[in-house]
Amino acid sequence: MKKEANLKDLIKFINEYVGNSGGAVFEVLAQSDKGILDVDIMKKTGLDEQEVRRVLYELQALGIASYRRDRSPEDGRFLYYWFIDSGRLNQILIQRKKAVVNKLKERLEYESKNTFFTCPRDGTRLTFDEALENDFKCPKCEGELVAEDNSGVKEFLRSMIAKLEEEIANEERKIAAPS
Ligand SMILES: [Zn+2]
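Residues numbered from 1 in each chain as written. Predicted model: local features only at pLDDT ≥ 70, side-chain atom pairs only at ≥ 80, totals over all residues.

Caption draft 1: Region of interest: the packing of helix α2 (residues 20–31) against helix α4 (residues 49–62). Two elements in contact, α2 and α4, have axes whose closest approach is 10 Å; the angle formed by their N-to-C orientations is 80 degrees. Here α4 runs roughly perpendicular to α2, going by the angle between their axes. When α2 is examined against α4, the residues S21, G22, V25 and F26 are found in contact with a partner set consisting of E51, V52, V55, L56, E58 and L59. Along the lines of polarity and charge, the residues of the contact of α2 with α4 split into six nonpolar, two polar and two charged. (Axes fitted to C-alpha atoms, helices over the stretch in contact; angles between N-to-C directions. Helix = DSSP H or I, 4+ residues; strand = E, 2+ residues; numbered from the N terminus. Parallel < 35°, antiparallel > 145°, perpendicular 65-115°, else oblique. Contact = placed C-beta atoms within 7 Å. Nonpolar A, V, L, I, M, F, W, Y, C, P; charged D, E, K, R; others polar.)

Caption draft 2: Quick look at unusual backbone geometry. For D135, which is not glycine, the phi torsion reads 55 degrees and is therefore positive. Here D135 lies in the loop between α6 (128–133) and β6 (146–147). Backbone geometry at E142 places phi at a positive 70 degrees, although glycine is not the residue there. The exposure class assigned to E142 is exposed, which follows from the 11 C-beta atoms found within 10 Å. (Buried ≥ 20, exposed ≤ 12 C-beta atoms within 10 Å, placed from the backbone.)

Caption draft 3: View of the nonpolar core. Of all hydrophobic cores here, the largest spans 17 residues; its most connected members are V25, L29, V55, L56, L59, A65 and W82. Mapped onto this core, the elements with two or more residues apiece are α1 (4–18), α2 and α4. Filtering out sequence-adjacent residues up to four positions away, V25 remains in contact with I41, T45, V52, V55 and L56. In this structure, F117, C119, L126 and C138 belong to the second largest nonpolar core, which totals six residues. (Core = buried A, V, L, I, M, F, W, Y, C linked by C-beta atoms within 7 Å.)

Caption draft 4: Quick look at the confidence of the model for the protein. Mean pLDDT over the protein stands at 91; residues scoring 70 or higher make up 96%. Of all secondary-structure elements in the protein, the lowest mean pLDDT belongs to α1, at 78, while strand β4 (residues 116–118) reaches the highest, 97. (pLDDT = per-residue confidence, 0-100.)

Caption draft 5: Looking closely at the packing of α2 against helix α3 (residues 38–45). Between α2 and α3, the least distance of the axes is 10 Å, while the angle of their chain directions is 115 degrees. Relative to α3, α2 is oriented so that their crossing is right-handed. Between α2 and α3, the residues in contact are A24, V25 and V28 and I41, K44 and T45, respectively. (Left-handed = near helix turned anticlockwise from the far one by under 90°.)

Caption draft 6: The domain arrangement of the protein, seen in detail. As assigned here, the protein comprises domain 1 (4–84) and domain 2 (92–176). Domain 1 and domain 2 are separated by 39 Å when their C-alpha centres are compared. (Domains from an automatic or database assignment.)

Caption draft 7: Here's a closer look at the environment of L89. One can find L89 in helix α5 (residues 86–113). On a C-alpha basis, the gap between L89 and A65 in space is 8.6 Å, while along the polypeptide they are 24 residues apart. Non-local contacts of L89, meaning those with residues more than four positions away in its chain, are made with I64 and I84.

Caption draft 8: Geometry of the sheet that holds strand β3 (residues 78–84). Across the sheet, which stays open at both edges, the three strands sit in the order β1-β3-β2 with antiparallel pairing between neighbours. Only two strands of the sheet have a single neighbouring strand rather than two, namely β1 (36–37) and β2 (65–71). Direction of pairing for β2 relative to β3: antiparallel, over a ladder of seven bridges. Looking at β3, one finds that A65 is bridged to I84. (Pairing = 2+ DSSP bridges.)

Caption draft 9: Spatial organisation of the sheet that holds strand β5 (residues 125–127). Spatial ordering of the open sheet is given by β5-β4-β6, a layout of three strands whose pairing is antiparallel. Strand pairing shows two members of the sheet lacking a second neighbour, β5 and β6, which therefore form its edges. Pairing analysis gives two bridges linking β4 to β6, with the strands arranged antiparallel. Within β6, the residue paired with T118 across the bridge is V146.

Caption draft 10: Layout of the environment of A162. With respect to the helices and strands, the residue A162 is situated in helix α7 (residues 151–176). Note: C-alpha distance between A162 and V101 (61 residues apart in sequence) is 8.9 Å.

So, in structure tokens, the structure goes:
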């Protein structure tokens, strides 16, 4: 597993996708390198069998979890040892960052194409066209709109995009050439 900050971010992502038991199951999986039986996941998380199964199948569908099957030495039954598929997990994280970069780029384009007007009283923000339609008056309070300098917003968006693109490039390099 990678750094702590990444892990937190990841658990948040899993909770969003799979529900709140998702993060708990994932943490247990992440702590066991050799794989873990669903009964042991139940013990460690306090979740019931049905919920643990549901989460495991969802994580498997996302490509995050996999299992290895062994025969029980006692009665020959199949035992399923679940573990995290970290290669696939890294690819999912990269996909997710790319989606964020695309959203930031769209936002930057919008900010670059438009001139904005804001209301100093309540912060209402309109594009030039919208402000023109309203005679440069705030639609909420009728106050006078003022032209906004959004260079700070654009600068922030550019630096976020650059930072994420650098992270993506580093992570893709790592996947291409594993140490
Ligand atoms: Zn206003």
